[in-house]
Amino acid sequence: KFTLAIIDACRDNPFQAAGRALGGRGLAPTTAATGQMIMFSAGAGQRALDNLGKQDADKNGLFTRVLLKEMMRPRVPIDRVLRNVRNEVVRLSKDAGQEQTPALYDQAVGDFYFKF
């Protein structure tokens, strides 16, 4: 069996600036069970970028726009798709003067593909 979870959310604590300590630093680290892949749009303590600046008119955040593009590539295994997403998000966020490194937890066994 194979389970894929993709979570497009900030990994920081949005309440910290308001003086509220709900759970520390955002979404907690996780692990994947055998047969699972889990990808977060940002690493622990990071924010997922909604855009690349004031001139960015894309309706999707950085992670989602890159993921949608990479998912459409034919005959690319899911692990390669997600690593391509991570590499491109890191590159684009650096170009925008920010840091966003999608976190990937991979315990999948076998090859899996998106099929459209």
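It should be emphasised that the depicted structure is a prediction, and the values quoted were computed from it without experimental measurement. (Residues numbered from 1 in each chain as written. Predicted model: local features only at pLDDT ≥ 70, side-chain atom pairs only at ≥ 80, totals over all residues. Heavy atoms only, no water.)

A. Representation of the side chain of Asn84 within the structure. Here Asn84 lies in helix α2 (residues 78-95). Looking at Asn84, the relative accessible area reads 16%, which means it is buried. Within the local environment of Asn84, its side chain forms a polar contact with the side chain of Glu70, the two groups lying 3.4 Å apart. Non-local contacts of Asn84, meaning those with residues more than four positions away in its chain, are made with Glu70 and Arg73. (Helix = DSSP H or I, 4+ residues; strand = E, 2+ residues; numbered from the N terminus. Buried < 20%, exposed > 50% of the residue type's maximum accessible area, 1.4 Å probe, protein only. Polar contact = N/O pair within 3.5 Å; in protein donor to acceptor, adjacent residues only side chain to side chain. Contact = heavy atoms within 4.5 Å.)

B. Representation of the sheet that holds strand β1 (residues 3-7). Taken together, the three strands give an open sheet; going across it, the order is β1-β2-β3, and neighbouring strands pair in mixed fashion. With one partner strand each, in any of the chains shown, β1 and β3 (103-106) form the two edges of the open sheet. Across the sheet, the mean angle from the axis of one strand to that of its neighbour is 5°, orientation sign disregarded. With four bridges joining them, strand β2 (residues 36-40) and β3 adopt antiparallel strand pairing. The residue of β3 that forms the bridge with Phe40 is Ala103. (Pairing = 2+ DSSP bridges. Axes fitted to C-alpha atoms, helices over the stretch in contact; angles between N-to-C directions.)

C. Highlighting unusual backbone geometry. Of note, the phi angle at Arg75 is positive, near 60°, even though the residue is not glycine. Topologically, Arg75 is positioned in the loop between α1 (62-71) and α2.

D. Spatial organisation of the pattern of salt bridges. For the coordinates displayed, the defined rule picks out six salt bridges. With its nearest N and O atoms 3.8 Å apart, the salt bridge here joins Asp106 to Arg83. Note that Asp106 is positioned in strand β3 and Arg83 in helix α2, a separation of 23 residues in sequence. Looking at Asp106, the relative accessible area reads 27%, which means it is partly exposed. For Arg83, a relative accessible area of 27% corresponds to the partly exposed category. Where Arg91 meets Asp95, a salt bridge forms, and the shortest distance between an N and an O atom there is 3.2 Å. Of this pair, Arg91 and Asp95 both sit in helix α2, four residues apart, roughly one helical turn. For Arg91, a relative accessible area of 41% translates into the label partly exposed. Accessibility expressed as a relative area gives 59% for Asp95, which makes it exposed. Among the ionic contacts, a cluster of salt bridges with common partners joins Asp56, Asp58 and Arg65. (Salt bridge = Lys/Arg side-chain N within 4 Å of Asp/Glu carboxyl O.)

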